[in-house]
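Coordinate inspection notes
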Amino acid sequence: MWGVKMSAEVIMVASGKGGTGKSTVAVHVGARLAARGHRVLLVELDSGLRSVDYIAGVSGKTVYDIGDILSGRCEPAKAIVESGLYPGLFVVCAPYEGGDIRPEALASFIGSARMVFSHIILDTAAGMGVPFAAARAVADRALLVVTPDPVALRDGRIVCDALNTGGCGEVRLVINKVPRTLAGTGLQDLDECIDTVGARLIGVVPESAPLAAAGARSAPLDGADRAAQALDAVAARLCGEEIPLTVR
Ligand SMILES: Nc1ncnc2c1ncn2[C@@H]1O[C@H](COP(=O)(O)OP(=O)(O)OP(=O)(O)O)[C@@H](O)[C@H]1O
Ligand SMILES: [Mg+2]
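Since the model is a prediction, treat every value here as computed from it, not as a measurement.

Time to look at the pattern of salt bridges. One pass over the structure, following the stated rule, counts 14 salt bridges. For Asp161, the salt bridge goes to Arg157, with nearest N and O atoms at 3.5 Å. One end of the pair is Asp161 and the other is Arg157, both in helix α7 (residues 150-165) and 4 residues apart, which spans about a single turn. Take Asp161: its relative accessible area is 35%, and that puts it in the partly exposed class. Among the salt bridges present, the one from Glu170 reaches Arg172, with a minimum N-O distance of 3.6 Å. Accessibility expressed as a relative area gives 31% for Glu170, which makes it partly exposed. Looking at Arg172, the relative accessible area reads 6%, which means it is buried. Linked through salt bridges whose partners overlap, the residues forming this network are Glu9, Arg141, Glu170, Arg172 and Arg200.

Here it is in structure tokens:
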């Protein structure tokens with residue numbers, strides 16, 4: 001795995017409110033980048049609340065985690081496993097418990113991983129705790145994941161401001177779990193989401209039962225699913241492809 005010289009772009013995935021879909025977006029954007037031939041490392045920083053192992057299909061395949069890498073208990077290559085569902089996507093899981101993320105140790109690991117991968121995705125915990133701060137210190141850009149509801153947007157705005165003032169490069173907005181109609185959400189339209197958060201849009205991902213089911217069953221997501229296609233478009237835009245964005 002080691003040996004090829006690259007210089008990865010580091011993309012952190014953040015949110016204000018919990019459960020907006022950070023881990024789901026992190027895995028599927030990573031999977032779609034990998035499907036385009038990129039060499040992708042996904043690092044889960046949400047200690048104690050693992051979900052990436054399930055969504056990426058590495059549950060039961062991991063012995064070591066990011067806590068082991070950062071504390072020097074194992075060589076990074078031992079904790080990095082390839083997704084069983086999405087070839088070319090390599091994953092390091094968070095510990096089941098404990099394993100605080102030390103920012104200097106994370107920066108050092110990411111510095112060496114940059115030479116081996118083309119993209120490094122950091123899945124953080126909701127809010128602005130230790131994983132958020134450690135990721136922000138090394139990220140070149142951020143995907144801020146919100147759902148179309150007033151609380152997620154208000155909290156998203158706070159996190160967006162913290163990303164900007166903390167010197168993270170570009171912040172791009174993913175509006176996730178978008179229902180067919182916004183009736184009852186308290187929102188007029190998706191422009192309101194963009195205006196409230198104050199970040200440039202990179203994708204609108206519809207609410208999708210197959211996407212949720214794939215994660216829950218640790219099964220691959222059908223590429224024809226509407227959410228899968230929206231996440232593929234996010235990956236393409238991250239690569240600089242100009243794919244028109246439509247906000248109904
Ligand atoms: N577009 C979508 N459509 C339907 N369900 C979704 C979608 N995106 C995510 N989900 C579901 O929402 C739930 C939360 O997703 P996920 O774990 O990715 O969120 P998170 O932001 O990482 O949560 P946490 O803050 O706890 O880390 C999961 O059950 C997931 O399958
Ligand atoms: Mg998560």
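What follows covers the packing of aromatic side chains. One pair of aromatic rings is described through two measures. These are the centre distance and the angle between the planes. Throughout the structure, instances matching the rule amount to 1 aromatic pair. Here the guanidinium or amino end of Arg50 rests over the ring plane of Tyr96, the centre of that ring lying 4.0 Å away.

Rules of the game
Residues numbered from 1 in each chain as written. Chains lettered and ligands numbered in written order. Predicted model: local features only at pLDDT ≥ 70, side-chain atom pairs only at ≥ 80, totals over all residues. Heavy atoms only, no water. Salt bridge = Lys/Arg side-chain N within 4 Å of Asp/Glu carboxyl O. Helix = DSSP H or I, 4+ residues; strand = E, 2+ residues; numbered from the N terminus. Buried < 20%, exposed > 50% of the residue type's maximum accessible area, 1.4 Å probe, protein only. Phe/Tyr/Trp six-rings, centres within 6.5 Å; stacked < 30°, edge-to-face > 60°. Lys NZ or Arg CZ within 6 Å of the ring centre and 35° of its normal.

Any functional reading would require information that these geometric values do not contain.
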